[in-house]
Amino acid sequence: MAESLSSLIRAVEAADSAPLLTEAVQNLAAAREAEAIPVLIAALSYNNPGAAVAAVEGLIHLGEPAVPALIEQLDLHNYTARAWAIRALAGIGDPRGLVTLLGVATADFSLSVRRAAARGLGMMKWHWFPAELLEIAQEEVLEALLFVAQQDDEWIVRYAAVVGLQALASAVTTTYPAWRSQIQAQLDQMATQDPSAAVRARVWLAQQQLRVGAATPKVTDTSSPLTPTDWQVILEGLYRRKGQERLVLAEGDPRRYHELAVAIAQNTDQP
Amino acid sequence: MHSDSGIQDETQLTVEQAIANLQGEDLGLRVYAAWWLGRFRVDVPEAIDVLMAALEDEDDRTDAGGYPLRRNAARALGKLGDRRAVPSLLHALSCSDFYVREAAAQSLEMLGDPAGIPQLIELLHDRVAGTQPASEPPRLVQPFDAILEALGTLGAVEAIPDIQPFLDHFVPRVQFAAARAMYQLSDPEMARPYGDRLIQALSHDDLQLRRAVLADLGAIGYLSAAEAISQTLAENSLKLISLKGLLEKQLLLASPPDLSPGALKVMEIMDELL
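Just so it is clear, the model here is predicted, and its values are computed rather than measured.

**Q** Please clarify how the domain arrangement of chain B should be interpreted in this entry.
**A** In many reports, interface size means the accessible area that the parts give up when they come together. Each assigned domain of chain B is listed with its residue range as follows: domain 1 (1–157) and domain 2 (186–274). Of note, the centres of domain 1 of chain B and domain 2 of chain B, computed from C-alpha atoms alone, are 29 Å apart.

See below:
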């Protein structure tokens, strides 16, 4: 391990205040070294938002090599660390995060997780997918993003869904023009109907960019690092989803209370 | 699960029940009902009536003499957006409990009624008899930040001379609230230094303070702050809410669905923070 990297790691371990820890994690993340991954992952559970944001950014830049460790993190019972790991996975766009992102985009308790997942679903590395998996994966993503765009109570989650839908529309332009039209119809509706001005503005931008055919990001990493087993796991996950009744909100979900309150208030309005 | 003991959890609370609870015997249910009506923005007239009555409550007192129910009622009335509550909230500005006065100032700001400006200025000068300081350090005598923010939002240009001294207050939070108000009340060409002062505050050591300044910059919609907001060491959620304030201000500069260059820039930054 390079001397400078070990000293950056030591600085994270030695940090004894929140600002020092944030700074040390930022410096380590900026080094862009794969050997820093375990330390950056550990920083997701320090309960220090500054450090976690820096660690997530660093992990996203490191990309694919960080994915296996991030997926391991999903099974742990630290909710905060799990949420940050999902956000890193969303930023990386690795297909191994797909099924997790589909699950949380529509149903996670935390709006920042739903937000990151909605954006991440649109940014999947579709060019890595084997042809036989691409259609079912994109269709699931389309359904999930349309649902989020229509139903999420939080403006920022709908905003992220618009960003995701725009990216997906670009990705399917030639392969599935009918899906692209479906996305455009959804955007047309939101352009005037979404209650949030910020969301409407992002819809107008998406419509403009889709009209001029804004360039999709250049593909540099053409060959996928995923193994046949990885794809098998993804496929099984997608089929499991298909079989499930989606979006049964948990008892403790605050959106349930919200819907309840709205329904009650409407009843009360009637004379 | 507690159905036989009369305790409801929030899944079972209804508007009727909350309104009844607010007038009932159980102090815990009362204070919860006041919060609940605000949280779910139950703006039916009966809710406003019982919340205004709760601002006069004498039953619910803390050991230190505070009024928990009045605090929650004052907060809820701001969220419900009914200006009928303004006279009651003005009266609450002279409550002995610091936190009731703070909530009342915030709610008067939310209701956007300039009728309260003279009384807010009186409170800023600490000239209201019988008001107790905050129980938490630094034990401010008045909720200066809430008062300053309300004066700025309500467009109280006549208060500028009263606000200026607070730019040098010993509590940073209060300084920033004064800068925010000065930005809102100054002519556009004179306002920049106050916005820039808030940008500098984004690199303050204290996370709580950085969060507060993010909210301030969102409230004034200061476009030059966009980059600095995205670089701030704080949760992306809070940065995005702040940037939404900038974006909304930019949307007023073009007719839909056209977007100003500022709006495009803000959205580009927001996309990266999702």
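Now that the structure has been shown, we can carry on.
**Q** Please explain the interface of chain B and chain A as it appears in this structure.
**A** Across the contact, 34 residues belong to chain B and 32 residues belong to chain A. Approximately 2800 Å² of surface area, both sides summed, lies buried where chain B meets chain A, with 71% of it carried by carbon and sulfur atoms. Linking chain B to chain A there are 1 salt bridge. Here R202(A) makes a salt bridge to D271(B), at a shortest N to O gap of 2.9 Å. The tally of links between chain B and chain A comes to 5 residue pairs in polar contact (both at pLDDT 80 or more).

**Q** Is there a simple way to explain the domain arrangement of chain A in this structure?
**A** Residues and elements named next belong to chain A. By the assigned domains, chain A splits into domain 1 (7–92) and domain 2 (94–249). Each of domain 1 and domain 2 has a C-alpha centre, and these two points are 25 Å apart. Surface buried jointly by domain 1 and domain 2 totals about 1200 Å² across both partners, of which 64% is contributed by carbon and sulfur atoms. Where domain 1 packs against domain 2, one counts 1 salt bridge. Here R96 ties to E64 by a salt bridge, and the two come within 2.9 Å at their closest N and O atoms. Counting across the interface, domain 1 meets domain 2 through 3 residue pairs in polar contact (both at pLDDT 80 or more). Within the residue set of the side of domain 1 that touches domain 2, elements represented by two or more residues are α5 (67–74) and α6 (79–92). Here the side of domain 1 that touches domain 2 takes 8 residues from α6, the largest share from any one element. Split into classes, the residues belonging to the side of domain 1 that touches domain 2 amount to 10 nonpolar, no polar and 3 charged.

**Q** Sorry, what's going on with the packing of aromatic side chains here?
**A** Geometry of an aromatic ring pair is reported as the spacing of the ring centres plus the angle between the planes. Scanning the entire structure with this criterion turns up 9 aromatic pairs over all chains. Relative to W35(B), the ring of Y32(B) lies with its centre 5.6 Å away and its plane at 35°, an arrangement referred to as tilted. Of this pair, Y32(B) and W35(B) are both found in helix α2 (residues 27–39), 3 residues apart, which corresponds to roughly one turn of the helix. Ring plane angle 55° and centroid distance 5.2 Å describe the contact between W36(B) and F40(B), whose orientation is recorded as tilted. Positioned above the aromatic ring of W128(A) is the side chain of K125(A), whose terminal nitrogen or guanidinium carbon lies 5.4 Å from the ring centre. Over the face of the ring belonging to Y67(B) we find R70(B), whose NZ or CZ atom lies 3.7 Å from the ring centre.

**Q** Before we go on, may I ask you to explain the layout of surface pockets in this structure?
**A** With a probe scaled to a water molecule rolled over the atoms, the places where space remains empty come into view. All names here are of chain B. Approximately 1000 Å³ is the volume attributed to the second largest pocket. R41, M110, R180, A215 and I241 are the residues nearest the centre of the second largest pocket, which is lined by 29 residues in total. Ranked by the residues each element gives to the lining of the second largest pocket, the list is headed by helix α12 (residues 207–220), at 9 residues. The class makeup of the residues in the lining of the second largest pocket is 10 nonpolar, 7 polar and 12 charged. Residues from two domains meet in the lining of the second largest pocket; each of domain 1 (1–157) and domain 2 (186–274) gives at least three.

Reading the values: the criteria
- Residues numbered from 1 in each chain as written.
- Chains lettered and ligands numbered in written order.
- Predicted model: local features only at pLDDT ≥ 70, side-chain atom pairs only at ≥ 80, totals over all residues.
- Heavy atoms only, no water.
- Domains from an automatic or database assignment.
- Contact = heavy atoms within 4.5 Å.
- Buried area = accessible area lost by both parts, 1.4 Å probe.
- Salt bridge = Lys/Arg side-chain N within 4 Å of Asp/Glu carboxyl O.
- Polar contact = N/O pair within 3.5 Å; in protein donor to acceptor, adjacent residues only side chain to side chain.
- Helix = DSSP H or I, 4+ residues; strand = E, 2+ residues; numbered from the N terminus.
- Nonpolar A, V, L, I, M, F, W, Y, C, P; charged D, E, K, R; others polar.
- Phe/Tyr/Trp six-rings, centres within 6.5 Å; stacked < 30°, edge-to-face > 60°.
- Lys NZ or Arg CZ within 6 Å of the ring centre and 35° of its normal.
- 1 Å grid on protein atoms, 1.4 Å probe; cavity = no way out; pocket = protein on both sides within 12 Å on 5 of 7 lines; lining within 4 Å.
- Points joined across faces, edges and corners; volume = space filled by probe spheres on them.

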